[in-house]
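Chain residues, written in single-letter form:
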Amino acid sequence: LGNGWSVGFGAEVTHNEVDYDYSLTSITNNPGYPGQPPVNRRTLTSIDGGTLQLYSSIRKEYGRLAAEIGWRRDTESYTGLDETVSSPRFNLRYDLTPQTKILLAWGDYYQFQAAEALQVEDGITHYFPAERAEHRVAGIRHRFQSDIELQVDIYQKRYRDLGPRFENVLDTFDY
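Just so it is clear, the structure is predicted and the values come from calculations on it, not from any experiment.

Enquirer: Give a description of the packing of aromatic side chains that names residues and reports values.
Expert: In this structure the tally under the stated criterion is 1 aromatic pair. Ring centres 5.7 Å apart and planes at 85° place the aromatic pair Tyr 78 and Tyr 127 in the edge-to-face group. A residue pair is termed long-range when its members are at least 10 positions apart, and Tyr 78 in the loop between strand 3 (65-76) and strand 4 (84-95) and Tyr 127 in the loop between strand 5 (100-111) and strand 6 (131-143) qualify at 49 residues. Both residues of the pair, Tyr 78 and Tyr 127, count as buried. One Lys or Arg, Lys 60, reaches over the ring of Tyr 62 and ends 5.4 Å from the middle of that ring.

Enquirer: Explain the pattern of salt bridges to me, using residue names and the numbers behind them.
Expert: Side chains carrying opposite charge are able to pair once their charged atoms draw close together. The final tally for this structure, using the stated rule, is 12 salt bridges. The residue Arg 72 makes a salt bridge to Asp 74 at a minimum N-O spacing of 3.0 Å. Take Arg 72: its relative accessible area is 23%, and that puts it in the partly exposed class. Judged by its relative accessible area of 6%, Asp 74 is buried.

Enquirer: Give a description of unusual backbone geometry that names residues and reports values.
Expert: With a phi angle near 55°, Asn 3 is a residue other than glycine that sits in the positive phi range. The backbone of Asp 82 sits at a positive phi, close to 45°, despite the residue not being glycine. Tracing the backbone through its elements, the reader meets Asp 82 in the loop between strand 3 and strand 4.

About the criteria used
Residues numbered from 1 in each chain as written. Predicted model: local features only at pLDDT ≥ 70, side-chain atom pairs only at ≥ 80, totals over all residues. Heavy atoms only, no water. Phe/Tyr/Trp six-rings, centres within 6.5 Å; stacked < 30°, edge-to-face > 60°. Helix = DSSP H or I, 4+ residues; strand = E, 2+ residues; numbered from the N terminus. Buried < 20%, exposed > 50% of the residue type's maximum accessible area, 1.4 Å probe, protein only. Lys NZ or Arg CZ within 6 Å of the ring centre and 35° of its normal. Salt bridge = Lys/Arg side-chain N within 4 Å of Asp/Glu carboxyl O.

Okay, here's the thing in C-alpha cells:
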C-alpha cells in the first residue's frame, strides 16, 4: 500500500465426503479383568460438508519496528455442530541491528476435528467442538556474515476446549 503499509488476505475452501463402515467384535483377554462382556460396535454413516477459512492481516513498518495484526474466521459444515470461530493474531518485530531481530507473537488458533477422524473405533459417533490453543512466542534471530541464520524461540501453547483422547493402556481387546 506504500508508506510502510501492507495487507495480506486469502481464503481456503474444502469439501469432505467420508463414508464410515466400521464393525468390531471382540472379547476381553486380560486376566486382571475376568468376566468382561464382549464388545460389539457397528458404525455405518456418511459425512458430507466442508470448511471455509478467511484470513487477513495488515502490517505497518515504522523504521526498525514492524507490527502486524491479523484475523482468521473458520466455518465448518460437516460435524453437525456447524461451528464458526474467529481468531485474532498479533506479531511484532524489532530490528536491534540489521543482522539481529527480536520477535514477539500472540494468537488464538482453532482446529476442527478432521472429517476422517471420527473416533468410531472407540464407539464415538459424533464430532467434538473445535479445540482452541493460545500461542505466545518470543524469539531472537541473527544472520551471521556467512548467511547462516540462527533463531531461538521461547514458546508457550495453552490448550482449551480439548476433546477426549483415548488410550488403550491394557490392550484388552483381541481383534
